[in-house]
Amino acid sequence: MIRWLIVVFLALLIFSGLHRWLEKIGLGKFPGDFRFRLFGREFFVPLTSSVLLSFIALLISQAF
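This text gives an overview of the structure that appears in the document. (Residues numbered from 1 in each chain as written. Predicted model: local features only at pLDDT ≥ 70, side-chain atom pairs only at ≥ 80, totals over all residues. Heavy atoms only, no water.)

1. Brief notes about the pattern of salt bridges
Evaluation of the coordinates by the stated rule reveals one salt bridge. For the salt bridge of R37 with E42, the shortest nitrogen-to-oxygen distance reads 3.9 Å. Judged by its relative accessible area of 61%, R37 falls in the exposed class. (Salt bridge = Lys/Arg side-chain N within 4 Å of Asp/Glu carboxyl O. Buried < 20%, exposed > 50% of the residue type's maximum accessible area, 1.4 Å probe, protein only.)

Written out as structure tokens, the structure reads:
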């Protein structure tokens, strides 16, 4: 259980760091992408964008 909590926390930190880059390529503006503030810091959780990127990666892997 604690492993999953650490993984989720690390994923939050990584996505927060990549937030500006993701917005430049057009991701992060979908209805399922969440932003929230916690302890004065803004966190970004791109659920819909992650699903979309996973689907694109699946299509590419199936093509080759």
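2. Considering the environment of S54
Tracing the sequence through the fold places S54 in helix α3 (residues 47-63). Sequence separation between S54 and F15 is 39 residues; the distance between their C-alpha atoms is 15 Å. Reaching out from S54, the side chain makes a polar contact with the backbone oxygen of S50 at a distance of 2.9 Å. (Helix = DSSP H or I, 4+ residues; strand = E, 2+ residues; numbered from the N terminus. Polar contact = N/O pair within 3.5 Å; in protein donor to acceptor, adjacent residues only side chain to side chain.)

3. Here's the deal with the environment of P31
The topology assignment puts P31 in the loop between α2 (19-24) and β1 (33-38). Judged by its relative accessible area of 79%, P31 falls in the exposed class. On a C-alpha basis, the gap between P31 and T48 in space is 7.3 Å, while along the polypeptide they are 17 residues apart.

4. Re the side chain of D33
Relative to the elements of secondary structure, D33 occurs in strand β1. In this structure, D33 is buried with no salt-bridge partner, the nearest side chain bearing the opposite charge being R35 at 7.2 Å. A polar atom in the side chain of D33 sits 2.8 Å from the side chain of S49. (Lys, Arg positive; Asp, Glu negative; His and termini not counted.)

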